Amino acid sequence: MIINREQVEHVALLARLDLSEEEIMLYTDQLNAILDYVGLLDQLDTSQAEAMAHILPLSNVFRADQVRPPLAVEDALANAPDRKGEYFRVPRIV
Amino acid sequence: MSELRETGLRQLADLLRRREISPRELLFDCRQQIDLIEPQVRAFVTLALERAEQQAVDAEARLRTAVEPSPLAGIPMALKDNICTQGLTTTCSSRILEQFRPPYDATVTARLAEAGAILTGKTNLDEFAMGSSTENSGLFTTRNPWDPDRVPGGSSGGSAAAVAAGEVFFALGSDTGGSIRQPAAYCGVVGMKPTYGRVSRYGLVAYASSLDQIGPITRTVADCALVLQTICGWDPLDSTSAPLEVPDFTEFLNQPIRGLRIGVPREYMGQGIDPSVIHAVRSALTKLEGLGAEWEETELPHTRYGLPTYYLLATAEASSNLARYDGVKYGLRAEGGRDVIAMSRMTRSEGFGAEVKRRIMLGTYALSSGYYDAYYLKALRARSLIKQDFDQALQRFDLLLSPTTPTVAFKFGEKADPLAMYMNDICTIPVNLAGLPSISIPCGFAEGLPIGLQLIGRPFDEGTLLRVANQYQQHTGWHQQRPPMCRKEG
Amino acid sequence: MSRARFEVIIGLEVHAELKTQTKIFCSCPTAFGAAPNSQTCPICLGLPGVLPVLNQRVVEFAIKTGLALNCPIAPFSKFDRKNYYYPDLPKNYQISQYDLPICGRGWLDIEIEGAKKRVGITRVHMEEDAGKLVHQGETIGQAEYSMVDYNRTGVPLIEIVSEPDLRTPDEARAYMEALKAILEYLDVSDCRMEQGSLRCDANISLRPVGSQKLGTKTEIKNLNSFRSLQRALEFEIRRQAELLEEGESIIQETRSWDEGKAVTTSLRSKEEAHDYRYFPDPDLTPLVIDRQWVEEIRASLPELPEARRRRFELEYQLPPYDAQILTNSRATADYFEACAREFRDYKAISNWIMGELTRLLNAEGLELAQSRVTPPRLVEMLKLMAAGVISSKLAKTVFEEMFATGKPAPAIVEEKGLVQITDESALEQLIDSILTAHPQVVQDVRNGKEKAMAFLVGQAMKQTRGKASPDIVNRLLREKISG
């Protein structure tokens with residue numbers, strides 16, 4: 001077992017997912033199988049390899065500091081699940 | 001009218017310009033086919049036919065007045081439903097975005113609209129582009145026009161099916177690990193993933209940012225060149241888009257291929273690939289040899305690390321890209337949560353399907369404290385080794401050739417185990433890791449189901465791929481065959 | 001006191017909003033005070049499908065700041081995603097910099113009780129701001145719901161982290177003031193703590209004097225002014241000292257300063273501590289900063305506060321105290337020099353700025369830029385004083401009128417008939433009458449009582465309603481009394 005149930009629950013918490021008991025069990029099994037397969041990478045010596053975070057050799061992509069018209073407020077709020085006046089509204093935060 | 005569906009885009013453009021047919025007639029033809037096919041195939045999440053009618057009218061005006069209208073003017077097409085379309089729902093086939101209407105167009109949406117292409121609707125996909133069969137769609141299943149008991153492939157299953165069934169003349173898909181090429185192979189059509197950076201990702205709902213690319217799905221290679229031409233090019237809204245000139249891709253189509261050197265990586269032709277697929281690919285090689293190309297076996301020694309690397313990098317990026325779906329600003333909001341955290345957890349649990357949740361968790365784990373080095377960082381390093389394999393091979397060869405998929409389209413439910421499903425992408429995934437251009441074209445049949453041939457090129461050398469693929473198509477007839485359900489037309 | 005047993009270790013994390021026209025990753029305006037959600041776009045709202053593109057001026061401002069703080073500018077830098085969930089963060093990750101910040105270790109000198117102290121800067125990096133939450137009800141804890149305004153998301157920030165080199169709340173304050181002055185001089189930020197364009201979090205720990213090991217630190221947030229910073233640190237020192245003396249340990253946590261109750265309270269949430277899962281942002285390209293660009297920026301740096309202060313001491317022969325106060329803010333220093341260009345008595349200018357002008361600005365809660373007494377106006381008044389037209393005492397009255405109405409000094413003097421009486425013959429008559437009226441006082445003066453002199457001078461001022469020239473009155477009195 002590479003990842004245990006507690007770890008799965010912890011990861012679900014970090015990822016803001018509510019898992020049912022069945023899901024926890026199922027995902028624990030499936031994640032273990034996948035991580036087991038992924039363990040193939042342990043056989044690969046990557047000590048001399050560059051960590052490739054970007055595939056294209058681009059750098060210094062910038063834009064000029066010039067204002068463009070923002071969205072109209074109604075468009076910004078158009079998909080809001082809940083709103084109050086011109087604000088997005090959310091359930092209590094604490 | 002059905003001959004129209006056999007007509008290439010270039011000829012259609014001529015007919016339209018000469019006013020021998022009109023955009024509205026073309027659209028009508030597509031609508032008839034959609035009415036006939038959709039009950040069986042269900043490629044579309046959203047049909048926007050009234051809008052399309054208006055676009056057809058506009059296209060007619062454009063064709064009359066424009067000096068040099070785009071060859072895509074008046075042509076009905078479809079977009080995968082993870083590409084943003086202003087005012088038209090963009091669901092990513094997920095319950096979490098089922099009602100979401102973007103207030104903006106993706107860059108490719110805008111470019112096609114500017115060219116005058118007609119948007120008929122948005123096509124089905126595996127939820128958030130995560131899957132290889134479209135079975136993971138959170139909304140409904142799309143069927144393969146060649147056999148309704150089989151998957152169309154994924155994640156761009158809807159787009160591939162719509163093109164294969166003649167519902168539209170071309171479609172766009174997105175490809176992160178094979179999601180254009182694999183469904184193109186399963187549906188017997190042409191699908192291209194351009195070089196990473198060729199096509200703007202602005203407006204493509206992100207799955208894995210360093211791997212995603214939008215590309216065309218068409219019936220022929222010639223059509224592919226035309227669509228590619230329109231959607232390629234630097235975009236100031238995408239920092240990862242390449243500031244490179246876009247050549248005229250159509251110029252490559254008819255160039256002979258004598259003397260071109262093709263490399264065939266042995267890792268793609270061995271164990272795990274169906275014999276019938278190998279057979280079809282070898283026949284294609286023979287055909288290409290006959291046309292003057294030379295081929296040799298080559299090696300991509302790190303191939304087997306491709307899948308594990310992908311499933312760490314793609315899921316890590318995805319776990320971050322999908323964090324925004326929390327019920328706060330847009331999309332689904334679950335009721336009954338006592339506070340915002342509870343609300344978000346409920347929303348995501350209700351709104352995401354199982355595969356999406358699995359990948360989010362895998363990715364979160366790979367990035368988490370204590371595991372970052374062993375997983376994510378390790379995968380970043382492995383990626384450069386995989387890329388190096390390709391770079392070295394492509395110094396000796398002008399392009400590489402392989403099967404697109406290990407098998408033909410499988411039956412629904414056949415690959416229920418996640419790992420078994422992931423194996424479908426074994427030939428396509430390494431290409432995304434290397435950021436290279438790649439195309440899948442039909443090269444044969446097994447049990448009546450299409451087989452795809454994959455060509456992989458040097459960075460930004462889509463031209464050579466189009467050249468070889470087109471020459472092959474000029475001398476074969478696989479791409480002209482139609483699914484049984486479409487052959488009833490007189 | 002027991003506190004003397006402990007050494008205090010303070011480090012400050014300062015966030016400054018950069019005054020670029022547009023946000024860091026999109027072209028939305030950054031102006032303060034706009035109507036809610038009226039300065040947003042798909043990118044800063046984090047809609048599906050959007051991508052960030054970096055504002056070049058943000059990098060320029062960050063490099064400027066690093067150079068002014070004596071930091072090396074990284075030749076290779078990148079952005080990383082800091083992943084956490086909060087409603088004011090649209091993408092539920094913040095684009096920030098983790099292990100390759102744009103600026104490395106530098107330093108800032110402060111003056112504390114006449115001595116110079118060098119405070120280390122750990123790093124400076126760029127990141128995007130989050131939105132604003134408005135809570136229904138009194139506090140976040142009692143609210144039934146909250147409202148979100150995303151105008152501020154994507155506003156560019158620089159984060160400046162100090163080494164834990166500060167040892168007292170006074171030092172912390174001095175550091176903040178020096179840092180603010182630098183940012184103002186560079187013109188990279190408005191530096192208004194009350195508007196949130198300058199924010200400060202403090203890390204503080206205590207350890208027994210002589211110990212090498214660092215104590216457990218707490219982080220203090222919600223500091224809205226320099227005064228809050230100082231008071232919060234003083235409170236926290238007391239709180240931690242008391243706990244340590246009782247043998248308790250300090251819990252590593254984040255605490256919030258409550259200005260009303262003058263206490264820090266724990267913000268420890270019920271959840272797990274954040275695991276930010278930093279990784280390089282794949283949507284942005286790395287930064288390769290070449291030396292030429294850095295040198296161009298270095299050449300464009302304005303005169304910084306410390307250099308200006310030294311120059312004020314040298315060029316204007318001002319005492320260090322004056323030079324310090326005047327150069328603390330760029331606006332004040334500019335104001336002084338505008339006056340100094342037209343008037344040579346630099347000390348007088350300094351006195352009036354530090355004295356009356358500051359007093360009246362503070363009384364009205366005004367900024368220097370809002371003062372109706374502009375440099376030319378002040379100079380005008382000083383010239384009148386120098387010419388003896390008004391006495392220094394009456395000048396105060398004139399100044400107050402200038403400040404309130406914006407009228408120039410000569411007009412006020414004329415209107416109110418405040419021209420100083422310098423006509424000696426007129427004054428002589430007056431003085432003679434005073435001397436005659438108070439013979440005993442005259443005798444006292446002759447006997448050496450200076451206080452008596454002041455009485456006589458006061459009489460003269462009273463009878464002329466303040467307009468007599470004090471110098472002339474003094475001189476005439478002495479002449480007449482002694483001889």
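Remember, predicted model here, so these are calculated numbers, not experimental data. All residue numbers refer to position in the chain's written sequence, counted from 1. Starting at A for chains and at 1 for ligands, labels are handed out in the order in which the entities are written. Confidence filtering applies because this is a predicted model: local features only for residues at pLDDT of at least 70, side-chain atom pairs given and counted only at 80 or more, and all residues used for totals across whole chains, interfaces and linings. To obtain the side-chain values, all non-hydrogen atoms of the structure were used and water was disregarded.

### Side note on the sheet that holds strand 4 (residues 80-83) of chain C
The strands making up a sheet associate through backbone hydrogen bonding, with each pair oriented either parallel or antiparallel. When DSSP finds two or more bridges between two strands, those strands count as paired. In this text, helices come from DSSP runs of H or I with a minimum length of four residues, and strands from runs of E with a minimum of two, each type numbered from the N-terminal end. Ordered by their spatial adjacency, three strands build an open sheet running 5-4-15 (chain C), and the pairing between neighbours is antiparallel. The two strands at the open ends of the sheet, each matched to only one other strand, are strand 5 (93-96) and strand 15 (279-280) of chain C. Both strand 4 of chain C and strand 5 of chain C contribute to a ladder of four bridges, which runs antiparallel. Counterpart to Asn83 of chain C in the pairing with strand 5 of chain C is Tyr93 of chain C. Together, strand 4, strand 5 and strand 15 of chain C form the strand contacts of helix 9 (residues 306-321) of chain B, whose direction differs from that of strand 4 of chain C by roughly 60°. For this analysis, residues touch if any pair of their heavy atoms sits within 4.5 Å. Each axis is a line fitted through C-alpha atoms, and for a helix only the stretch in contact is used; angles between axes span 0 to 180 degrees, taken between their N-to-C directions.

### Details of the pairing of strand 11 (residues 198-208) of chain C
All names here are of chain C. Buried means the residue's accessible area, taken with a 1.4 Å probe over protein chains only, is under 20% of the maximum for its type, while exposed means over 50%, and partly exposed covers the values in between. Of all the 11 residues making up strand 11, nine are buried; the element is thus mostly covered by neighbouring parts of the structure. Here 11 bridges tie strand 1 (residues 6-17) to strand 11, and the two strands are oriented antiparallel to one another. Along strand 11, the bridge assignment pairs Ala16 with Leu198. Note: strand 11 against strand 12 (residues 218-223), four bridges, orientation antiparallel. Pairing of Asn203 across the sheet is with Glu219, part of strand 12.

### What to know about the sheet that holds strand 11 of chain C
All names here are of chain C. Reading across from one edge, 6-7-10-1-11-12-13-14 is the order of the eight strands in this open sheet, with mixed pairing throughout. The sheet is open, and its two borders are formed by strand 6 (106-112) and strand 14 (263-266), each paired with just one other strand. In this sheet, adjacent strand axes meet at a mean angle of 30° when their direction is disregarded. Strand direction decides the pairing type here: strand 12 and strand 13 (residues 254-258), joined by three bridges, are parallel. In the strand pairing of strand 13, Ile220 is matched with Arg255. Where helix 3 (residues 226-245) meets the sheet, its contacts fall on strand 1, strand 11, strand 12, strand 13 and strand 14, and the angle it forms with strand 11 comes to roughly 25°.

### Section: the interface of chain A and chain B
Facing the 50 residues of chain A at the interface are 64 residues of chain B. Note: buried area is the sum, over both parts, of the accessible area (probe 1.4 Å) each one loses when the two are combined. Summing both partners gives a buried area of about 5,200 Å² for chain A against chain B, and 69% of it is carried by carbon and sulfur. When a carboxyl oxygen of Asp or Glu is within 4 Å of a side-chain nitrogen of Lys or Arg, the pair counts as a salt bridge. Linking chain A with chain B are two salt bridges. Here Glu23 of chain A and Lys357 of chain B are joined by a salt bridge, their closest N and O atoms 2.9 Å apart. Here a polar contact is recorded for every N or O atom pair within 3.5 Å, except that within protein the pair must consist of a potential hydrogen donor and a potential acceptor, and residues adjacent in sequence are included only if both atoms are side-chain atoms. For the pair chain A and chain B, the number of links is 18 residue pairs in polar contact (both at pLDDT 80 or more). Elements with a contribution of two residues or more to the side of chain A that touches chain B: helix 1 (5-14), helix 2 (21-38) and strand 3 (87-91) of chain A. When residues in the side of chain A that touches chain B are grouped by element, the largest group, nine residues, is from helix 2 of chain A. Here the side of chain A that touches chain B is built from residues that sort into 36 nonpolar, five polar and nine charged. Under this grouping Gly is polar, as are all residues other than the nonpolar Ala, Val, Leu, Ile, Met, Phe, Trp, Tyr, Cys and Pro and the charged Asp, Glu, Lys and Arg.

### Some points on the packing of aromatic side chains
Stacked, edge-to-face and tilted are the three classes for Phe, Tyr and Trp ring pairs, Trp counted by its six-membered ring, which pair at centre distances within 6.5 Å; planes under 30 degrees apart are stacked, over 60 edge-to-face, the rest tilted. Considering all chains together, one arrives at 28 aromatic pairs over all chains under this definition. Judged by centre distance (5.2 Å) and plane angle (45°), the rings of Trp352 of chain C and Phe399 of chain C are tilted. Taken together, the residues Trp352 of chain C in helix 8 (residues 346-364) and Phe399 of chain C in helix 10 (residues 392-405) connect sequence positions 47 residues apart. The two residues Trp352 of chain C and Phe399 of chain C agree in class, both being buried. By the ring-pair criterion, three or more aromatic residues cluster together here, those being Phe100, Phe128, Tyr325, Tyr330 and Phe352 of chain B.

### Focus on the nonpolar core
Residue and element names in this part refer to chain B. Nonpolar cores are built from buried Ala, Val, Leu, Ile, Met, Phe, Trp, Tyr and Cys residues. Side-chain atoms within 4.5 Å join them into one set. By size, the foremost hydrophobic cluster in this structure holds 194 residues, and its most contacted members are Phe128, Phe390, Ile439 and Leu466. In terms of residue count, the dominant contributor to this core is helix 12 (residues 373-396) (11 residues). Contact partners of Ile439, with chain neighbours within four places excluded, come to Val190, Gly191, Met192, Cys224, Leu453, Gln454, Leu455, Leu465, Leu466 and Ala469.

### Quick look at the environment of Cys486 of chain B
Residue and element names in this part refer to chain B. On the secondary structure map, Cys486 appears in the segment after helix 15 (462-474). Linking Cys486 and Ala165, residues 321 residues apart in sequence, is a C-alpha distance of 6.3 Å. Discounting residues that sit within four places of it in the chain, Cys486 has contacts with Gln33, Ile37, Ala164 and Ala165.

### Notes on the domain arrangement of chain C
Residues and elements named next belong to chain C. Annotation of chain C at the domain level lists domain 1 (3-294), domain 2 (303-416) and domain 3 (424-482). Computed over C-alpha atoms, the centres of domain 1 and domain 2 are 35 Å apart. Taken together, the two surfaces of domain 1 and domain 2 that pack against each other cover about 970 Å², and 49% of this comes from carbon and sulfur. Looking at the side of domain 1 facing domain 2, the largest losses of area belong to Glu111, Glu184 and Tyr185, adding up to 56% of the total buried there. One can count two salt bridges joining domain 1 with domain 2. With its nearest N and O atoms 3.0 Å apart, the salt bridge here joins Lys116 to Glu306. Taken together, the links from domain 1 to domain 2 amount to four residue pairs in polar contact (both at pLDDT 80 or more). Among the secondary structure elements, those contributing two or more residues to the side of domain 1 that touches domain 2 are strand 6 and helix 2 (169-186). When grouped by side-chain class, the residues that make up the side of domain 1 that touches domain 2 number five nonpolar, no polar and six charged. Domain delimitation in this document rests on an assignment produced automatically or drawn from a domain database.

### Let's talk about the interface of chain C and chain B
Contact residues are listed per partner, giving 30 residues for chain C and 39 residues for chain B. Buried surface at the junction of chain C and chain B, summed over both partners, amounts to about 2,600 Å²; 59% is from carbon and sulfur atoms. A per-residue breakdown of the area chain C buries against chain B is headed by Pro48, Leu51 and Phe279 of chain C, which together make up 22% of the total. At the surface where chain C touches chain B, the tally comes to one salt bridge. Between Arg201 of chain B and Asp283 of chain C there is a salt bridge; the shortest N-O distance is 2.9 Å. Counting every contact that joins chain C to chain B gives 17 residue pairs in polar contact (both at pLDDT 80 or more). Considering only residue class, the side of chain C that touches chain B consists of 19 nonpolar, five polar and six charged.

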